[in-house]
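Listed below, chain by chain, are the residues.
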Amino acid sequence: MRVLVVEDEPDVRRAVSEYLREEGYAVDSANDGEDGRYKANAWDYDAILLDVMLPKIDGWALLAEIRKTKKTPVLMLTARDAVSDRVRGLDTGADDYLVKPFELSELAARLRALIRRSAGQPRPVIEIGDVMIELASKTVTQANEPVNLTAKEYSLLEFLAIHRGKLVTRTMIYEHLFDEDEDSLSNLTDVYVFNLRKKLGRDFIATRRGQGYMIHG
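Residues numbered from 1 in each chain as written. Predicted model: local features only at pLDDT ≥ 70, side-chain atom pairs only at ≥ 80, totals over all residues. Heavy atoms only, no water.

With reference to specific residues and values, describe the overall build of the protein.
A tally of helices and strands in the protein yields eight helices and 12 strands. In summary, the protein has a C-alpha radius of gyration of 18 Å against a globular reference of 17 Å for 217 residues, a match within 12%. With the C-alpha coordinates of the protein rotated into their principal frame, the extents come out at 50 × 35 × 30 Å. For the protein, the proportion of its 217 residues judged to be buried stands at 47%. Taking all contacts inside the protein whose residues are at least 6 apart in sequence as the whole, residues at least 24 apart take part in 57%. About 10,600 Å² of surface is accessible on the protein, with carbon and sulfur atoms providing 48% of the total. Put simply, the protein has 31 plus and 37 minus side-chain charges, and the middle of one group is 6 Å from the middle of the other. (Helix = DSSP H or I, 4+ residues; strand = E, 2+ residues; numbered from the N terminus. Rg over C-alpha atoms; globule rule 2.2 N^0.38 Å. Buried < 20%, exposed > 50% of the residue type's maximum accessible area, 1.4 Å probe, protein only. Contact = heavy atoms within 4.5 Å. Areas by Shrake-Rupley, 256 points an atom, 1.4 Å probe, with all protein chains shown as cover. Lys, Arg positive; Asp, Glu negative; His and termini not counted. Charge placed at Lys NZ, Arg CZ, Asp CG, Glu CD.)

Okay, structure coming up:
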């Protein structure tokens, strides 16, 4: 999953971005509202983490602009904990609100919940045949036996599973699994699909030639 972190405090931006990458996310970042607006409009992120107090365009104004064209889940980050601020954020279109300072583990849990709900997957577990995907722990079992996946293999499996029964195009995979600094136009997707088929079975992921991939629900 690919997320955008819009935060002007360098230490916070770096800590959040690094933590989320360790959690298996592709992460883009912006240090002001203008850059955040450009990236939020340029790509379809799975979620946006948005600070309120930003230079150039503040978080309130940026959220309002995002909501004109995007349904992307937005988690507001702010040092302001007044009830009126939380109400304003939610009424402007935020999906959740986290007050600084916060624990990175809580941030990640809220982010997972936002992405699940946005994808119509409220439960933290996806079952496909004898394969069970635990979204919270990012673990996979098949016939109750653990399946060892790399971070990117898991990210691809999760993305396909959340959209099971639907065609997932290569463009969708590029946009949701790779951040702006990665070479996503290589054959990496083919490699990850090949590896998943070796571990989960050749027929687990179907190929639509020239279009993309699908997991049947």
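Got a sec to walk through unusual backbone geometry? Specific residues and values, please.
Cis geometry marks the peptide bond from Lys100 to Pro101, where omega comes out at -5°. In this structure, Pro101 sits in the loop between strand S5 (96-99) and helix H5 (104-118). The residue Lys56 is not glycine, and still its phi comes out positive at about 75°. The topology assignment puts Lys56 in the loop between strand S3 (47-51) and helix H3 (59-69). Judged by its relative accessible area of 61%, Lys56 is exposed. Of note in this structure, Lys138 is not a glycine but carries a positive phi near 55°.

Quick rundown of the environment of Trp43? Include the residues and the values.
For Trp43, the location among the structural elements is in the loop between helix H2 (33-42) and S3. For Trp43, a relative accessible area of 23% gives the class partly exposed. Each C-alpha atom, one on Trp43 and one on Glu7, is 18 Å from the other, the two residues being 36 residues apart in sequence.

Describe the pairing of strand S6 (residues 125-128), naming the residues involved and giving the relevant values.
Examined bridge by bridge, S6 and strand S7 (residues 131-134) share four bridges and lie antiparallel to one another. Across the sheet, the residue bridging to Val125 is Glu134, located in S7. What sits between S6 and S7 in their antiparallel hairpin is a turn of two residues, with Gly129 showing a positive phi close to 60°. (Pairing = 2+ DSSP bridges.)

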